[in-house]
Amino acid sequence: MTGLTGEFEVTSWNEEPYAERDGERKLTHARVTQKLSGGVTGTGAVEWLMSYQGDGTARFVGLQQLEGEIDGRAGSVVLDTVGDFDGKEATGTWSVVPGSGTGSWAGMRGDGTFRAPAGPKATFSLDYVFE
C-alpha cells in the first residue's frame, strides 16, 4: 500500500436537524463540500448523519466522494466514514467503498483517518492501492 497525507478545507456546510430529542440531543443531516490539497488534489463532497448528545459531543457516519488527482492519476472514489466529535475536534476513520473508483482510480482500495479541529481546515491520511 502507498500512504499519502493532505488537507481539506470546508467550502460549504449545510446542516439541518431532522429529529429533536430530550434536552440538547438531536439528529442532524449535513451536506458538506471541500477543497483537497496535498497527496490528493481536487474536491470532496460528503453527506453526514450526526447524533448529538446533551453535552455537545456527537457521533457521525457518512459517505464521502473524493474527486481529483493522486500522482497524476485522475478519478473519483467513495469513502465510508465514521467518527466522533468531542466538542472541539472531529476525528474519524474512512475506507474506500469497494468498486466505487472511477477513471484512473478504478480498482482502488484502502483506508485512512482524519482530524478536523474547529474551523474550516482538517488533515487526513490515506493508505491505498490500485488493483
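The preceding data block contains the structure.
Thresholds applied
- Residues numbered from 1 in each chain as written.
- Predicted model: local features only at pLDDT ≥ 70, side-chain atom pairs only at ≥ 80, totals over all residues.
- Heavy atoms only, no water.
- Buried < 20%, exposed > 50% of the residue type's maximum accessible area, 1.4 Å probe, protein only.
- Helix = DSSP H or I, 4+ residues; strand = E, 2+ residues; numbered from the N terminus.
- Pairing = 2+ DSSP bridges.
- Phe/Tyr/Trp six-rings, centres within 6.5 Å; stacked < 30°, edge-to-face > 60°.
- Lys NZ or Arg CZ within 6 Å of the ring centre and 35° of its normal.
- Contact = heavy atoms within 4.5 Å.

A. Inspection of the pairing of strand β8 (residues 108-117) at higher detail. Because side chains alternate across β8, one face comprises the buried residues Met108, Gly110, Gly112, Phe114 and Ala116, and the other comprises Arg109, Asp111, Thr113, Arg115 and Pro117, none of which is buried. In textbook terms, the turn of a hairpin is the stretch between consecutive antiparallel strands, and for β8 and strand β9 (residues 121-130) this stretch comprises three residues, one of which, Gly119, has a positive phi near 120°.

B. Just the packing of aromatic side chains, in detail. With the rule as written, the count across this model stands at seven aromatic pairs. With centroids separated by 6.2 Å and ring planes inclined at 40°, the aromatic side chains of Phe60 and Phe114 adopt a geometry described as tilted. Of this pair, Phe60 sits in strand β4 (residues 58-70) while Phe114 is found in strand β8, placing the two residues 54 residues apart along the sequence. Judged by its relative accessible area of 5%, Phe60 is buried. Exposure remark for Phe114: the relative accessible area of 4% places this residue in the buried category. Joined through ring pairs, the aromatic side chains of Phe8, Trp48, Phe60, Trp94, Phe114 and Phe124 make up one cluster. Over the ring of Tyr52 we find Lys26; its NZ or CZ atom is 5.1 Å from the centre of that ring. Here Arg73 stacks its cationic end above the ring of Phe130, 3.7 Å away from the centre of that ring.

C. Up close: unusual backbone geometry. The residue Asp71 is not glycine, and still its phi comes out positive at about 50°. Within the secondary structure, Asp71 is located in the loop between β4 and β5 (73-85). Under the relative-accessibility criterion, Asp71 is labelled exposed at 68%.

D. The arrangement of the environment of Glu20 in detail. Secondary-structure assignment places Glu20 in strand β1 (residues 2-20). By relative accessible area, Glu20 is classed as exposed at 59%. Sequence spacing of Glu20 and Gly42 is 22 residues, and the spatial spacing of their C-alpha atoms is 35 Å. Every residue in contact with Glu20, bar those within four places of it in the chain, is listed here: Arg25 and Lys26.

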